[in-house]
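A structural walkthrough
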Amino acid sequence: MTDSAHAETADAPAARASAAVPGRRRRRHLIDWSAYVFLVPWFVGMLFTVIPFGASLVLAFTDYDLLNPPKFIGMQNFTEILHDERVHKSLVVTFIYCLVSVPTSLAAALGVALMLNRGLRGLPIYRAIYYLPSLLGSSVAVVMLWRQVFSTQGIVNTALAWFGIQGPSWTSDPHTALSVLILLHIWTFGAPMVIFLAALRQVPTMYYEAAAVDGASRWRQFRSITLPMISPIIFFNLVLATIGAMQSFTQSFVMSNGTGGPADSTLFYNLYLYIQGFSRFHMGYASALAWVLLLIIAALTAINFLAQRYWVFYEN
Amino acid sequence: MAVSDTLVPKRTAAERRTSGFSYVEGGGTSPRTRFLRYVVITGIALFMMYPLLWMVSSTFKPDNKIFTQLGLWPQEWKFSNFSEGWNSLEHPFSLYLINSTILAVFDVVGTVVSSALAAFAFARLNFPGRKILFAMMLGTLMLPSHVLLIPQYIVFSKLGWLNTYLPLVVPHFLATNAFYIFLMVQFMRALPRELDDAARIDGCGTFRIFFRIIAPLCVPAFATTAIFTFMNSWNDFFSPLIYLTDSDLYTVPLALRQFMDSEGQSSWGPMFAMSIVSLLPIVGFFIAGQKYLMQGIATTGLK
């Protein structure tokens, strides 16, 4: 610690001087072979990444149950996926989950971030309260809590009974089970909210001052200044949330005891992949499912990136 | 809305900046609007916290009262839920807590050390192939884990690592989560390069530069990584689910799930009590590391 402190104080003025001299090259061009030593763990780790990546593509074209050697079966896994009704069902479930919960949670995140951003006392406390659920949302304990809150005799139905409403058995009715998971997702809007809060602070004050002088209404300021200025962050959150939602697993597993029920209404794509791979040991089929998911996520991300041209605003 | 809404407050921009809020929209709202805003955000906050608070209060209620009482203050106190929950699974709950703690400690140490080493090479050293390797590292950032899942499982099962902690720990020592490398690279790049030059002139080798100069300055980045890794490791349900079958080795999330499978309709209190116990470390780390965590999240979104 003393070494670094010494180096910092002694060389700060010298550093500034050297930066000011034009044409003076730094010594960073010297090749430092010891870099490879620092990278040894990462190199080994890459073997654990690159080789499985290739292997999973190969496995996708095989029939493999871990016990017998893999058998090459060509496109059969993929044609089976095309005709597998549970794959279709799980894709529908996952897409609905994504389409409803991602925009809703991002809108909630932005709305609350806007409210929190205005010269407010106790911001750290509010921010912590809003952020906490997103830290806990993927933990088994909270999913179990959610399951009890929405069970037939849960507190939601107890509260509804006060108003004389007979609530459904949320988690065991195929029509409502998915909406419980969507609500759980929306409840975790704190993570994108924190990013929005940071972004809102980067918007230069002078824009609002100028707009106010010109008599722009608050809505107009939001639409013409805030939204364009933070659109790259909205985009970033959108891409992350989409990818995250497509890969959800724990919620549906815990909520449905690993079945995706009732009537496959919470059968997330990843849960189905797990069922195929790890309870039935259809390793080849599960690899093919993984590659289909990879392609879907890549396509969604590509669509997001193409669409950003029309609504994301970059200053330079 | 009144005219005052759109008026610029009389403070200067510099003053506002020091107060920490550069976003002046609505800076001059009337006390009534401001009061309403507090009511709204406090209302939403209470609504969001209610399920968690309800779970806390349920751990002190008798089972037959849990779902009939919406109020948070128990009318009848029951303190045995914790001791019942602690002992109602196959092993005492302390075993699962110890298992999860061991895993989390290894994961944190492994991730911080291996990511820091790789990040130092990428951020501050010049070597042939740096750009290509860096691009590869960024590429793995975007790879969904499920594509690697099955071959990795097969490899670990061939190595005889199933039902051990090795599949859960070893990858962390190999810097396999590119996100943390990237975070540290961004942090290390911001440090003045003259530090390295000065140290070299004074006769420091590359290793000493890393250990004595760069690493101590990177403590905030290490802390962010450590907190994130701890939380992910503590919350992880999927990997223990596929790699561990022996209940002696179960982690907290796997143990909690057993409450759902094995218990009848009558023991919600103990189940919620153990759920609370399982969430406490995360809440604790969150409160302790909030500053780093918020910075870490904010930089992730902005750089």
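For the structure itself, look to the data block above.
One structure accompanies this document, and this report is about it. Computed from a prediction, not measured in an experiment: that's the story for all the values here. (Residues numbered from 1 in each chain as written. Chains lettered and ligands numbered in written order. Predicted model: local features only at pLDDT ≥ 70, side-chain atom pairs only at ≥ 80, totals over all residues. Heavy atoms only, no water.)

**Quick notes on the overall build of chain B**
If you tally the helices and strands in chain B, you get 16 helices and 0 strands. Classification of the 303 residues of chain B by burial places 54% in the buried group. Across chain B, every contact between residues at least 6 apart in sequence was considered, and the portion connecting residues at least 24 apart equals 68%. Working note: accessible area of chain B is about 13,400 Å², and carbon and sulfur atoms make up 67% of it. (Helix = DSSP H or I, 4+ residues; strand = E, 2+ residues; numbered from the N terminus. Buried < 20%, exposed > 50% of the residue type's maximum accessible area, 1.4 Å probe, protein only. Contact = heavy atoms within 4.5 Å. Areas by Shrake-Rupley, 256 points an atom, 1.4 Å probe, with all protein chains shown as cover.)

**Describing the overall build of chain A**
Each helix and strand counted, chain A has 15 helices and 2 strands in total. For chain A, whose C-alpha radius of gyration is 26 Å, the value lies well above the compact-globule estimate of 20 Å for 316 residues. Relative to its 316 residues, chain A shows a buried fraction of 55%. Contacts in chain A between residues far apart in sequence, at least 24 positions, make up 69% of those at least 6 positions apart. Counting 19 positive and 14 negative side-chain charges, chain A places the centres of these two groups 11 Å from one another. (Rg over C-alpha atoms; globule rule 2.2 N^0.38 Å. Lys, Arg positive; Asp, Glu negative; His and termini not counted. Charge placed at Lys NZ, Arg CZ, Asp CG, Glu CD.)

**Describing the packing of aromatic side chains**
Scanning all chains against the criterion turns up 47 aromatic pairs over all chains. Pairing Trp219(A) with Phe222(A) gives two aromatic rings, centres 5.7 Å apart and planes at 35°, and the pair type is tilted. With Trp219(A) and Phe222(A) both in helix α12 (residues 218-246) and 3 residues apart, this pair spans about one turn of that helix. A residue is classified by how much of its surface remains accessible, and Trp219(A), at 56% relative accessible area, is exposed. A relative accessible area of 13% means that Phe222(A) is categorised as buried. Feature note: the residues Phe48(A), Phe249(A), Phe253(A), Tyr274(A), Phe278(A), Tyr153(B), Phe156(B), Trp161(B), Phe237(B), Phe238(B) and Tyr243(B) constitute an aromatic cluster, connected by ring pairs. The ring centre of Tyr292(B) lies 5.5 Å from the NZ or CZ of Lys291(B), which sits over that ring. (Phe/Tyr/Trp six-rings, centres within 6.5 Å; stacked < 30°, edge-to-face > 60°. Lys NZ or Arg CZ within 6 Å of the ring centre and 35° of its normal.)

**Focus: helix α7 (residues 140-149) of chain A**
In terms of residue burial, α7(A) counts as a mostly covered element, since 10 of its 10 residues are buried. Considered for burial, the residues of α7(A) that qualify are Val140(A), Ala141(A), Val142(A), Val143(A), Met144(A), Leu145(A), Trp146(A), Arg147(A), Gln148(A) and Val149(A).

**Topic: a nonpolar patch on the surface**
Residues and elements named next belong to chain B. Nonpolar side chains collect at one region of the surface, where Ile98, Ile102, Val105, Phe106, Val109, Val113 and Phe173 lie side by side and expose about 590 Å² of accessible area between them. Tallying contributions element by element places helix α5 (residues 93-124) first for the nonpolar patch, with 6 residues. Within the secondary structure, Val105 sits in helix α5. (Patch = residues over 30% accessible without salt bridge, like charges linked within 9 Å, V, L, I, M, F, W, Y side chains within 5 Å. Salt bridge = Lys/Arg side-chain N within 4 Å of Asp/Glu carboxyl O.)

**Looking at the interface of chain B and chain A**
Counting residues at the interface gives 107 residues for chain B and 116 residues for chain A. The junction of chain B with chain A conceals about 10,400 Å² of combined surface from both sides, 73% of it contributed by carbon and sulfur atoms. For the salt bridge of Arg200(B) with Asp32(A), the shortest nitrogen-to-oxygen distance reads 3.3 Å. Counting the contacts that link chain B with chain A gives 16 residue pairs in polar contact (both at pLDDT 80 or more). Ranked by the residues each element gives to the side of chain B that touches chain A, the list is headed by helix α2 (residues 31-58) of chain B, at 14 residues. Class assignment for the residues of the side of chain B that touches chain A results in 71 nonpolar, 22 polar and 14 charged. (Buried area = accessible area lost by both parts, 1.4 Å probe. Polar contact = N/O pair within 3.5 Å; in protein donor to acceptor, adjacent residues only side chain to side chain. Nonpolar A, V, L, I, M, F, W, Y, C, P; charged D, E, K, R; others polar.)

**Quick notes on the side chain of Ser105(A)**
Residues and elements named next belong to chain A. With respect to the helices and strands, Ser105 occurs in helix α5 (residues 85-116). For Ser105, the side chain forms a polar contact with the main-chain oxygen of Val102, separated by 3.2 Å. Ignoring sequence-local partners within four residues, the contact set of Ser105 consists of His185, Ile186 and Phe189.

**Quick word on unusual backbone geometry**
Residue and element names in this part refer to chain A. For the bond running from Gly261 to Pro262, omega is 0°, close enough to zero to count as cis. With phi around 80°, Leu66 is a residue other than glycine that occupies positive phi space. Structurally, the position occupied by Leu66 is in the loop between β1 (62-63) and β2 (71-72). Its identity is not glycine, yet Asp264 carries a phi of approximately 60°, on the positive side. Tracing the backbone shows Asp264 in the loop between α13 (250-255) and α14 (269-279). Residue class for Asp264 comes out buried when judged on its relative accessible area of 18%.

**Some points on the pattern of salt bridges**
Residue and element names in this part refer to chain A. Tallied over the entire structure, the rule returns 4 salt bridges over all chains. A salt bridge links Asp264 to Arg86, with the nearest nitrogen and oxygen atoms 3.0 Å apart. Residue Asp264 is located in the loop between α13 and α14, and its partner Arg86 is located in helix α5; the two are separated by 178 residues in the primary sequence. On the basis of relative accessibility, which here comes to 23%, the residue Arg86 falls in the partly exposed class.

**With respect to the side chain of Ser265(A)**
All names here are of chain A. Relative to the helices and strands, Ser265 resides in the loop between α13 and α14. A distance of 2.7 Å separates the side chain of Ser265 from the backbone oxygen of Pro262, its partner in a polar contact. In this structure Ser265 touches Lys89, Val93, Pro174, Ala177, Leu178 and Gly260, once residues within four positions along its chain are discounted.

**Re the environment of Thr140(B)**
As for its position among the elements, Thr140(B) is in helix α6 (residues 130-141). In this structure the C-alpha to C-alpha distance between Thr140(B) and Ala178(B), which are 38 residues apart in sequence, comes to 6.5 Å. Filtering out sequence-adjacent residues up to four positions away, Thr140(B) remains in contact with Met46(A), Thr49(A) and Ala178(B). Reaching out from Thr140(B), the side chain makes a polar contact with the backbone oxygen of Met137(B) at a distance of 2.6 Å.

**Some points on the packing of α5(B) against helix α11 (residues 206-217) of chain B**
Each pair of packed helices can be summarised by the angle the axes make with each other and by the distance between the axes. Residues and elements named next belong to chain B. Contact pair α5 / α11: the axes reach a minimum separation of 12 Å and the direction vectors enclose 110°. By the criterion of interaxial angle, the relationship of α5 to α11 is roughly perpendicular. For the pair formed by α5 and α11, the contact residues are Ala116, Leu117, Phe120 and Arg124 on the first element and Thr206, Ile209, Phe210 and Ile214 on the second. For the contact of α5 with α11, the class distribution of residues is 6 nonpolar, 1 polar and 1 charged. (Axes fitted to C-alpha atoms, helices over the stretch in contact; angles between N-to-C directions. Parallel < 35°, antiparallel > 145°, perpendicular 65-115°, else oblique.)

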